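Each chain, written out:
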Amino acid sequence: DFDRPKEVLESFSLAELKMVGTLQRGPEETLWALISDNEGGVHMIRKGQYMGRNHGRIVEIAEGRIDLLEIVPNGHGGWLERPQSVSLEDE
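A quick note: this is a predicted structure, and the numbers were derived from the prediction, not measured.

1. Observations concerning the packing of aromatic side chains
Here's step 1: Taken as a whole and judged by the stated rule, the model has 0 aromatic pairs.
Here's step 2: Across the ring face of Tyr50, the terminal group of Arg4 is positioned such that the distance to the ring centre comes to 3.5 Å.

2. Looking at the sheet that holds strand β5 (residues 56-62)
Here's step 1: In spatial order, the strands read β4-β5-β6-β7; together these 4 strands make up an open sheet with antiparallel pairing. Either end of the sheet is taken by a strand with one partner, and the two such strands are β4 (50-51) and β7 (79-87).
Here's step 2: As paired strands, β4 and β5 are joined by 2 bridges and run antiparallel to one another. Paired with Met51 across the bridge in β5 is Gly56.

3. Digging into the pairing of strand β1 (residues 18-25)
Here's step 1: Here β1 runs beside strand β2 (residues 30-36); their pairing, made up of 7 bridges, is antiparallel. Residue pairing for β2: Lys18 is matched across the bridge by Ser36.
Here's step 2: Adjacent in sequence and paired antiparallel, β1 and β2 are bridged by 4 residues, among which Gly26 carries a positive phi angle near 95°.

4. A closer look at the pattern of salt bridges
Here's step 1: A complete count under the given rule lists 4 salt bridges for this structure.
Here's step 2: In this structure, the salt-bridge partner of Glu16 is Arg53, at a minimum N-O distance of 3.5 Å. Of the two residues, Glu16 sits in the segment before β1 while Arg53 sits in the loop between β4 and β5, which places them 37 residues apart along the sequence.
Here's step 3: The residue Arg65 makes a salt bridge to Asp67 at a minimum N-O spacing of 2.8 Å.
Here's step 4: Judged by relative accessible area, Arg65 falls into the partly exposed class, the value being 35%.

The rules behind the values
- Residues numbered from 1 in each chain as written.
- Predicted model: local features only at pLDDT ≥ 70, side-chain atom pairs only at ≥ 80, totals over all residues.
- Heavy atoms only, no water.
- Phe/Tyr/Trp six-rings, centres within 6.5 Å; stacked < 30°, edge-to-face > 60°.
- Lys NZ or Arg CZ within 6 Å of the ring centre and 35° of its normal.
- Pairing = 2+ DSSP bridges.
- Helix = DSSP H or I, 4+ residues; strand = E, 2+ residues; numbered from the N terminus.
- Salt bridge = Lys/Arg side-chain N within 4 Å of Asp/Glu carboxyl O.
- Buried < 20%, exposed > 50% of the residue type's maximum accessible area, 1.4 Å probe, protein only.

Laid out in structure tokens, this is it:
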């Protein structure tokens, strides 16, 4: 849905975002990921939200990894889904 309002993390490329942790929250113990941006902010995100500039929809969050599907042009006037992941980095 290209007409939906953009989420905050869609203004950053995936290279500008880092996974810094996870937490469980809410009555259903939903697993949230903690993402830092290159401007010093930290954001909580969950499955179904979007991040990155290529319409990256989060399809799974695990303890050390976020899996998402980006929608990118295929070079022939169409679109294709490209799997990506962001992993927790050891510092």
